[in-house]
Amino acid sequence: MEVLHNLSFGFEHALTLQNLLYCALGCTVGTLIGLLPGLGPLSTISLLLPLTYSIPTGGALIMLAGIYYGAQYGDSVSAITMKIPHASSIVACIDGYQMTLKGKTGLALFTAGVSSFIGGTVAIVVLSTMAPALGEVGFLFGPADYCALMLLGFFCVSFVSSGSLLNGLAMAMVGVLLGMVGTDVNSGVARYTMNLPFLMDGIGLISIALGCFGIAEVVKNLDNKNVLTPFNGKIKLMPTWPEFKRIIPSALRGSVIGSVLGILPGGGPTIAQFAAYAADKKLSKYKHEIGTGCIEGVAGQAAADEAAARTSFIPLMAIGIPENAVMALMMAAFVVKGIQPGPNMIATHPDLFWGLVASMWIGNCFLLVLNVPLVRYWLSVFKIPYTVLFPAILFFCCIGTYSINNSLDDIYTTAVFGFIGYLFLRLDMEAAPLLLGFILGPMLEENFRRAMLLSRGSFNVFVNRPISGTLLSVIGILVVWQTVVFIRKLIKSPDHHIHSGKQGEQAPTPVAAAATSGSLASGE
Amino acid sequence: MNFNNRNFVRGLCLMAIALVFGGVSFSYTMGELSRSGPGLFPLLVSSFLFVIGVLTVVRSHFVDPVPLDYSVKNIAIILVSLVGFSVISQFVNMILGIVFLVFCSTLAGTSYSLVRNVKISIGLVAVAFAFKQFLGLSLPLY
């Protein structure tokens, strides 16, 4: 009952005209920008984050959340119609694009929209019941446990976003090191500032995010010279009743899987989609059709995607640790607005928390009512040639960086990170873990130093405490598993050399190139 | 030793980053584990990163090499246009900065058209004015 009471309290806040407007605006702009090639949720949020600075706190968070799931939906639209995915919609490319080839684009888009709605609704129920409960757990966390949780987050994100523990972990560590730049909070010593005054406060998050995800991405697309063929097919949205009936079970299955996977460290939409797709392949009544363009292949993953996108707010708001790069950006937005996410947030800012939860459901409705029927008009975004698009993206990067501190110097920092981001991209180094590492770095250091202080310099504290002990043993298992897999591959191959099939997929076909480029750019 | 192998170069890069950050961390007070100074944590992290770098290099010997491909031209053009935008906005005004950004960055595109650039510039300047008016950003437009 308490949940219902809280939710109605939330709706009171979310249903003000102003907040409704921000929600609709966020969903719409998010979808539009999410549709654009090479701009996944991460780049969309970092582009639009500075624009929300001048908006009141509640509205800004509601709008950002709207941008996030709008971008998520926009992604799946571009995946279904043209097979250009970002990390958040790789799975939608499989059956979704097959349906387009069969001329059932409208049905696929409708399925994705309705399933997202179902997934989002289930996730909100989970969010409103679980988050306060998990907030209680958050109070049990000591410094050592926070450290362990962040480390686990690094490992999981590395694994999920780049598929290779080593690469992702390296980037997370680089991020942590970049986070060290600036004044040390404990001693007041300026570290790694190279005597530059503007580095005393640390490197700006937006500079890193826009450099690595905005500018590097633009240059990579320019290098690829990929020409997109806009989608010109017919779209018939409304399904027949038997078709509609097929959506429900699969979407419900996906919602549950997504809700669960969204909460875990390193979890989030990407892994949830794969899991839901795999589950549909095993459990669905029409499993023989999956992969050839059937409704279940789209419904399950879309629901999981949306559900996980929402439940991944739980660790952020209940414990205060973002579990993936998108949530790390969200956390930055919270902090800019003067709110420290964590166990205290729900108690001290109930209006923000419940308002956000309620607005998510409202956003869901907007997506369903506005975006699904309007999708055919939005596809005209693709008719804009890239030569027009990329100066505009650069312009937004500049304005975004500038407007944080009203400082033109920040644009130089962004340019530097654009260059670094490009190098990373060319070296196959995933930038998403870097962003997470950058945001969590100072927190990790703080908690590590505190844990060491409490334990008088003994590392035993990490093993002795039940929470951190468990989390660290999960990390141990992950490491051992990865090593065993690598060594087994090495021994099995005849010339003791690994010919990874993954590189084969990066063959220079335009679609594969687009696919890999998308997945490189905006990992969760 | 193949400098055209992405995996190998990546390992070297990581080691270099670790060495830079680790090296500089020695210039700060270390303290001890129970009462750590500002240098200890960066040293720990960069040592860990160095190990990862070594492992990456070792691993690259057992995995098929991936060629390194890059083009200097595009990234250079984009960086020049960003820096130019900032410099011009600082010394002249942002409208000119936007025009420069458009005209310079489109050099990297597949085709170049003056008319189109003028149109893009007008569009973006209009957007900038809208931001200033409706979102309250303080842009030094003129």
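Everything numeric in this text was worked out from a predicted model, so none of it was measured.

> What is the right way to read the overall build of chain B from this model?
Along chain B, the regular secondary structure elements total 5 helices and 2 strands. Listing every helix and strand of chain B by position from the N terminus yields α-β-β-α-α-α-α. Radius of gyration (C-alpha) of chain B: 23 Å, far over the 14 Å computed for a compact globule of 142 residues. Dimensions of chain B, computed from C-alpha atoms along their principal axes, come out at roughly 55 × 45 × 25 Å. Residues classed as buried in chain B amount to 37% of the 142 residues present. In chain B, the proportion of contacts linking residues at least 24 apart, taken out of those at least 6 apart, comes to 58%.

> Would you mind showing me how to read the overall build of chain A here?
If you tally the helices and strands in chain A, you get 23 helices and 2 strands. A compact globule built from 524 residues should have a C-alpha radius of gyration of about 24 Å, and chain A, at 22 Å, falls within 12% of that. Based on the C-alpha atoms only, the size of chain A along its principal axes is roughly 65 × 65 × 50 Å. In chain A, which comprises 524 residues, the share counted as buried stands at 62%.

> Mind showing me how you'd approach the environment of Phe424(A) here?
Considering the arrangement of structural elements, one finds Phe424(A) in helix H18 (residues 409-426). Once residues lying within four places of it in the same chain are set aside, the contact partners of Phe424(A) are Cys212(A), Met429(A) and Ala431(A).

> Looking at this model, I keep getting lost on the interface of chain A and chain B. Mind explaining?
Where the parts come together, the accessible area they lose is often given as the size of the interface. Residue-level contacts link 57 residues of chain A with 62 residues of chain B. Looking at the side of chain A that touches chain B, the elements with two or more residues in it are helix H8 (165-180), helix H9 (205-224), helix H17 (386-405), H18 and helix H19 (431-454) of chain A. With 10 residues, H17(A) is the single largest residue contributor to the side of chain A that touches chain B.

> What should I look at first to understand the packing of helix H10 (residues 241-263) of chain A against helix H11 (residues 269-283) of chain A in this one?
The angle between the axes and the distance between the axes are what describe a pair of packed helices. All names here are of chain A. Their axes nearest at 9 Å, the elements H10 and H11 cross at an angle of 140°. On the basis of the axis angle, H10 is oblique to H11. Of the two elements, H10 crosses H11, and the hand of that crossing is right-handed. Taking contact as the criterion, the partners of Ser250, Arg253, Gly254, Ile257, Gly258, Leu261 and Gly262 in H10 are, on H11, Ile271, Ala272, Ala275, Ala276, Ala279, Asp280 and Leu283.

> Can you walk me through the domain arrangement of chain B in this structure?
Taken domain by domain, chain B holds domain 1 (6-60) and domain 2 (72-135). Taking the mean C-alpha position of each, domain 1 of chain B and domain 2 of chain B sit 39 Å from one another.

> Please clarify how the packing of helix H14 (residues 325-336) of chain A against H19(A) should be interpreted in this entry.
Residues and elements named next belong to chain A. Interaxial distance between H14 and H19 falls to 8 Å at its minimum, and their mutual angle equals 35°. Taken as a pair, H14 and H19 cross one another with a handedness that is left-handed. Contacts from Ala325, Ala328, Met331 and Ala332 in H14 reach Ala432, Leu435, Leu436 and Ile439 in H19. Of the residues in the contact of H14 with H19, the class split is 8 nonpolar, no polar and no charged.

> Is there a simple way to explain the confidence of the model for chain A in this structure?
Detailed conclusions should not be drawn from predicted coordinates in areas where pLDDT is low. Here chain A averages 80 in pLDDT, and 90% of its residues register 70 or above. Every residue in residues 501-524 of chain A is under pLDDT 50, and counting partners more than four places away or in other chains gives 60 contacts.

Cut-offs used in this document
Residues numbered from 1 in each chain as written. Chains lettered and ligands numbered in written order. Predicted model: local features only at pLDDT ≥ 70, side-chain atom pairs only at ≥ 80, totals over all residues. Helix = DSSP H or I, 4+ residues; strand = E, 2+ residues; numbered from the N terminus. Rg over C-alpha atoms; globule rule 2.2 N^0.38 Å. Buried ≥ 20, exposed ≤ 12 C-beta atoms within 10 Å, placed from the backbone. Contact = placed C-beta atoms within 7 Å. Axes fitted to C-alpha atoms, helices over the stretch in contact; angles between N-to-C directions. Parallel < 35°, antiparallel > 145°, perpendicular 65-115°, else oblique. Left-handed = near helix turned anticlockwise from the far one by under 90°. Domains from an automatic or database assignment. Nonpolar A, V, L, I, M, F, W, Y, C, P; charged D, E, K, R; others polar. pLDDT = per-residue confidence, 0-100.

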